[in-house]
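Residue-level structure breakdown
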Amino acid sequence: MKAFFERYSYETVHLFLNQIVISMFGFALAMATAKADNDTLLLWSSIGSIVFYLSLLYGSAWKIGAKDKLSIEYGKLTFKPFRGILLSLIANSLNFLMAILITLGVFCGLNSLESVGRLIALLSQGMYQGILTVITVNRESLHAMWWVYFLTPIPAMLVTFVAYIAGAKDFHMTKMGIPEFPESDRPTRKELKEQKKLEKENRK
């Protein structure tokens, strides 16, 4: 675990900072649309913030997987598909702390503890506030339900999981991010065969 933190400390901090930045953006957007007293606008602005956040998260996690690709191919690092989830768990540690505080506050009657948890929610999950406010269950907003805060980190964990594997396997959902080279700079079939042969020899 120590080696894991040493290798991925920067990456986990980067994932966490992405979350905070988009959270503040999402919260500010939710506050602005809430003033318009339009639940539909509030809902869609929240969905847009979440999609933007998950897209940014996918790109960041894909780069981490791509960075590990060479080390995996040359046997310096073992490919572990759940590495992305572990990265996301660490990056979402503040969210799980928030969920625990809210839960303890609700069941133990500690209003101050619950308030601290909800304050952290505004800081770390502002992009979800619109959805949690508009959607209701039994006429009660999701924002008031303690168990919801254990579920909100799941989309980020799933996206990071998939993105890390895609990066490690050099899988591209689109051609975006793949550099285009002129015909003269592209490797010939002979060069590609020699490159693959060299890679196989290095793996032995």
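Each chain has its residues counted from 1, following the order in which its sequence is written. Selection of residues for local features in this predicted model requires a pLDDT of at least 70, selection of side-chain atom pairs for listing and counting requires 80 or more, and totals for whole chains, interfaces and linings are taken over all residues. Note: side-chain values were computed over all heavy atoms of the structure, leaving out hydrogens and water.

1. With respect to the packing of aromatic side chains
Operational definition: Here a pair means two rings of Phe, Tyr or Trp (six-membered ring of Trp) with centres within 6.5 Å. Their orientation is stacked below 30 degrees between planes, edge-to-face above 60, and tilted elsewhere. Note on classification: 1.4 Å probe, protein chains only; a residue is buried when its accessible area is under 20% of the maximum for its type, exposed when over 50%, partly exposed between these limits.
Evaluated as defined, the whole model comprises six aromatic pairs. Measuring from ring centre to ring centre gives 6.2 Å for Phe4 and Phe5, while their planes differ by 90°; the resulting arrangement is edge-to-face. Take Phe4: its relative accessible area is 13%, and that puts it in the buried class. Using a relative accessible area of 40% as the deciding quantity, one classes Phe5 as partly exposed. An aromatic cluster is built from Phe4, Phe5 and Tyr8, whose rings are joined through pairwise contacts.

2. Describing the side chain of Thr103
Formally: A run of H or I in DSSP counts as a helix once it spans at least four residues, and a run of E counts as a strand once it spans at least two, with each numbered from the N terminus. It only takes one pair of heavy atoms within 4.5 Å for two residues to be counted as in contact.
By the element assignment, Thr103 lies in helix H4 (residues 93-108). When near neighbours in sequence (up to four residues on either side) are disregarded, Thr103 contacts Trp146 and Phe150.

3. Quick word on the environment of Thr40
Assignment of secondary structure puts Thr40 in helix H2 (residues 39-73). Judged by its relative accessible area of 51%, Thr40 falls in the exposed class. The spacing of Thr40 and Val134 is 94 residues in sequence and 8.2 Å in space, taken between C-alpha atoms.

4. Quick notes on the side chain of Asp68
Looking at where Asp68 falls in the secondary structure, it is placed in helix H2. Relative accessible area serves as the criterion here: at 1%, Asp68 is assigned to the buried category. Ignoring anything within four residues of it in the chain, the contact list for Asp68 reads Arg7, Tyr8, Leu77, Arg83 and Tyr164.

5. Quick word on the packing of H4 against helix H5 (residues 111-124)
Helix packing for two helices is described by the angle between their axes and how far apart those axes are. Worth spelling out the cut-off: The axes used here are C-alpha line fits, helices contributing only the stretch in contact, and every angle between their N-to-C directions lies in the interval 0 to 180 degrees. Orientation is classified from the angle alone, with under 35 degrees giving roughly parallel, over 145 giving roughly antiparallel, 65 to 115 giving roughly perpendicular, and any other angle giving oblique. Take the far helix as the reference: if the near one is turned anticlockwise from it by less than a right angle, the crossing is left-handed, and if turned clockwise, right-handed. All residues other than Ala, Val, Leu, Ile, Met, Phe, Trp, Tyr, Cys, Pro, Asp, Glu, Lys and Arg, Gly among them, are scored as polar; the first ten of these are nonpolar and the last four charged.
Packing of H4 against H5 leaves a shortest axis separation of 7 Å and a crossing angle of 150°. When the interaxial angle is binned, H4 and H5 end up roughly antiparallel. Seen along the crossing, H4 lies across H5 with a hand that is left-handed. In this structure, H4 contributes Leu94, Asn95, Met98, Leu101, Ile102, Leu104, Gly105 and Val106 to the contact, and H5 contributes Leu113, Glu114, Val116, Gly117, Arg118, Ile120, Ala121 and Ser124. For the contact of H4 with H5, the class distribution of residues is 10 nonpolar, four polar and two charged.

6. Quick word on the environment of Ala34
When you line up the elements, Ala34 lands in helix H1 (residues 2-34). With a relative accessible area of 42%, Ala34 lands in the partly exposed category. For the pair Ala34 and Gly130, spaced 96 residues apart in sequence, the C-alpha to C-alpha distance is 8.4 Å.

7. Focus: the packing of H1 against H5
Following both chains from N to C, one finds H1 and H5 inclined at 100°, their axes separated by 6 Å at the closest point. In terms of orientation, H1 and H5 fall into the roughly perpendicular class. Counted together, Gln19, Ile20, Ser23, Met24 and Phe27 of H1 and Leu122, Leu123 and Ser124 of H5 form the full contact between these two elements. Here the residues of the contact of H1 with H5 are counted per class, giving five nonpolar, three polar and no charged.

8. Observations concerning a nonpolar patch on the surface
Convention followed: Like charges are joined within 9 Å and nonpolar side chains (Val, Leu, Ile, Met, Phe, Trp, Tyr) within 5 Å, but only among residues with over 30% relative accessible area and no salt bridge; these make up the patches. Under the convention used here, a 1.4 Å probe and the Shrake-Rupley method define accessible areas, while residue burial counts only the protein chains that appear. Every case where a carboxyl oxygen of Asp or Glu lies within 4 Å of a side-chain nitrogen of Lys or Arg is listed as a salt bridge.
A grouping of Trp147, Leu151, Ile154 and Leu158 is seen on the molecular surface, where their side chains present a nonpolar patch of about 370 Å² in accessible area. Its location among the elements puts Leu151 in helix H7 (residues 148-151).

9. Here's the deal with the pattern of salt bridges
For the coordinates displayed, the defined rule picks out four salt bridges. Salt-bridge contacts for Asp68 lead to Arg7; the nearest nitrogen and oxygen are separated by 2.8 Å. Note that Asp68 is positioned in helix H2 and Arg7 in helix H1, a separation of 61 residues in sequence. Classification of Arg7 as partly exposed rests on a relative accessible area of 36%.

Nothing here speaks to function; it is geometry throughout.
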